[in-house]
Amino acid sequence: MSKVRIGILGSRFQADCIAAAVKAVAEEAEVVAVASPTKAHAADFATRHGIARAYTDHRELLRDPAVELVWITVPNRLHAQITIDAAQAGKHVVCEKPLCLTIEEADAMIDACRQAGVLLLYAEELFFAPKYVKAKQLADEGAFGRVHLVKQGEKHSGPHSEWFWDVEQSGGGAVMDLACHGIAFCWWFLGKPTITSVYSQMATQVHHDRTQGDDEAITLIEFGNGATGMVESSWNRPGGMDDCIEVFGNKGQTYADLLMGNALPTYSEVGFGYAVEKAATTRGWTYPVFEEHWNYGFPQEVRHFARCVRGKETPISDGETGRVVLEALYAAYASAGLGRKVVLPFRPKGIGKPIDLWKAPERAKAVV
Ligand SMILES: NC(=O)c1ccc[n+]([C@@H]2O[C@H](COP(=O)([O-])OP(=O)(O)OC[C@H]3O[C@@H](n4cnc5c(N)ncnc54)[C@H](O)[C@@H]3O)[C@@H](O)[C@H]2O)c1
């Protein structure tokens, strides 16, 4: 199988992660181009990762005949337009989470890719995280009997880039940024059942000075098969990234801690280079994680998507997956605005971004 030739859009946090993940599965794919608006950033990224071409405009990259698959790692508000541009240029697309800001955009992205005959793949790496994949294998084998509760939590001290804090660019706070993983995870883990309702309790507990967004939330999801999902999202937990699941059935349960559970409990008085994403210090007791990208599932995700492009595998995460998650995110924000659970299907029209339904509950009332 020839390597799938990837163009990365963006040159910072997630772009670095994907470029490293591609190298880990070099037999499947290679990065041949990058585009990022600041010339020096694009050039540095290309040098750092040994990439042949660096552009400052994503449309230049889309005209590059060498690029087969575009991997979008840019701020959320740009996902929809860039996906549509990429589809029209005949490129397959991987879009990082969340898919986009509105349900209308999600529909347009899916339609554009379908019409162009290209794949729209949704990058949810938790579907590939080895520990979580193992938990799902056990559940599917019947190890826990009938699974009735799945919990996922993702918590850290807050995003690294300014745009995440600006709800006009991100679409929301911790729920938009982190619960998108948890909602996708619970849904996938349970075998992709219909989501029947969402209830979310959210607040801005700490970061009032930085954001209009929520920074702390608990979201409950009811599924058509009778199971419940519980998703905890926080931008208020210092000490490094925390990503955990718990699974309960009538015959058993399992617990998995993706980062501290794949780390060395370590004490150092002088500190060292790097422990884990978003850890402020490496002094004292810390949890340096090993094989971080592999434990998250990024290289496995790249391998799967590359094989999908070559027609060897069928996507387990695509544009429709992203739309399922986005609908639940809208329901979560509407629920927080209304103070009660919101029943799905929930496809509000003409709402600019999910958080609007929390900030203006009268708009949520008009659409439920
Ligand atoms: N799957 C995950 O676990 C995960 C982790 C982090 C981020 N993400 C997602 O990836 C996306 C990017 O997040 P990030 O953390 O890398 O943000 P970031 O701020 O670190 O990087 C964003 C990059 O996009 C570039 N950019 C902005 N406009 C552009 C344009 N028009 N064309 C090309 N590049 C442009 C910026 O210059 C920057 O290089 C977001 O949607 C985020 O939610 C996913």
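See the structure shown above.
Residues numbered from 1 in each chain as written. Predicted model: local features only at pLDDT ≥ 70, side-chain atom pairs only at ≥ 80, totals over all residues. Heavy atoms only, no water.

Student: Help me understand unusual backbone geometry in this model?
Tutor: Here the bond from K97 into P98 is cis, since omega is -15°, no more than 30 degrees from zero. Among the structural elements, P98 can be located in the loop between β5 (92–96) and α5 (103–116). Of the consecutive residues L344 and P345, the connecting peptide bond is found in the cis state with omega at 5°. If you trace the backbone, P345 turns up in the loop between β15 (342–343) and α13 (356–359). For K278, which is not a glycine, the phi torsion comes out positive at approximately 70°. (Helix = DSSP H or I, 4+ residues; strand = E, 2+ residues; numbered from the N terminus.)

Student: How should I be thinking about the pairing of strand β6 (residues 120–123) in this particular structure?
Tutor: Within a regular strand, side chains alternate between the sheet's two faces. Of the two faces of β6, both are covered, the one formed by L120 and Y122 as well as the one formed by L121 and A123. In terms of strand pairing, β5 meets β6 through four bridges, oriented parallel. Looking at the pairing, V93 lines up with L120 of β6. Since β5 and β6 lie parallel, the crossover through α5 that links them has a hand, and here it is right-handed. (Buried < 20%, exposed > 50% of the residue type's maximum accessible area, 1.4 Å probe, protein only. Pairing = 2+ DSSP bridges. Right-handed = clockwise from strand over helix to strand, strands pointing away.)

Student: Please clarify how the sheet that holds β5 should be interpreted in this entry.
Tutor: Whether parallel or antiparallel, the strands of a sheet pair through hydrogen bonds between backbone atoms. Spatially, six strands are ordered β3-β2-β1-β4-β5-β6 in an open sheet, and the strand pairing comes out parallel. Of all the strands in the sheet, the pair left with one neighbour each is β3 (53–55) and β6. Across this sheet, the average inter-strand angle for adjacent strands is 25°, counted without regard to direction. Of the pairings in the sheet, the one linking strand β1 (residues 4–9) to strand β2 (residues 29–35) comprises six bridges and is parallel in character. The partner of L9 across the bridge, within β2, is A35. Contacts between helix α4 (residues 79–88) and the sheet are confined to β1, β4 (69–72), β5 and β6, with β5 contributing the most and set at about 170° to the helix. (Axes fitted to C-alpha atoms, helices over the stretch in contact; angles between N-to-C directions. Contact = heavy atoms within 4.5 Å.)

Student: Can you help me understand the packing of aromatic side chains in this one?
Tutor: Between two aromatic rings, the relevant description is the distance of the centres plus the angle of the planes. Enumeration according to the criterion identifies 12 aromatic pairs in this entry. Where F128 meets F305, the ring centres are 6.1 Å apart and the plane angle is 80°; that geometry is what we call edge-to-face. In this pair, F128 is assigned in the loop between β6 and α6 (130–141) and F305 in helix α11 (residues 298–309), connecting sequence segments 177 residues apart. Owing to a relative accessible area of 10%, F128 belongs among the buried residues under this scheme. Judged by relative accessible area, which is 0%, F305 ranks as buried. Above the plane of the ring of W358 lies K359, whose end atom (NZ or CZ) is 4.5 Å from the centre. (Phe/Tyr/Trp six-rings, centres within 6.5 Å; stacked < 30°, edge-to-face > 60°. Lys NZ or Arg CZ within 6 Å of the ring centre and 35° of its normal.)

Student: Which parts of the structure should I look at to understand the site of the ligand?
Tutor: Looking at the ligand, there are 23 residues lining it, with Q14, N76, K97, H160 and S161 nearest. Here E96 contributes a side-chain N or O atom positioned 3.1 Å from a nitrogen atom of the ligand. In this structure, an oxygen atom belonging to the ligand sits 2.8 Å away from a side-chain N or O atom of W163. Alone, the ligand offers 840 Å² of accessible surface; in the complex the protein occludes 88% of this. Looking at the shell around the ligand, the elements that each hand over two or more residues are α1 (13–24) and α7 (162–165). When its residues are assigned to classes, the shell around the ligand shows nine nonpolar, 10 polar and four charged. (Near = heavy atom within 4 Å. Polar contact = N/O pair within 3.5 Å; in protein donor to acceptor, adjacent residues only side chain to side chain. Areas by Shrake-Rupley, 256 points an atom, 1.4 Å probe, with all protein chains shown as cover. Nonpolar A, V, L, I, M, F, W, Y, C, P; charged D, E, K, R; others polar.)

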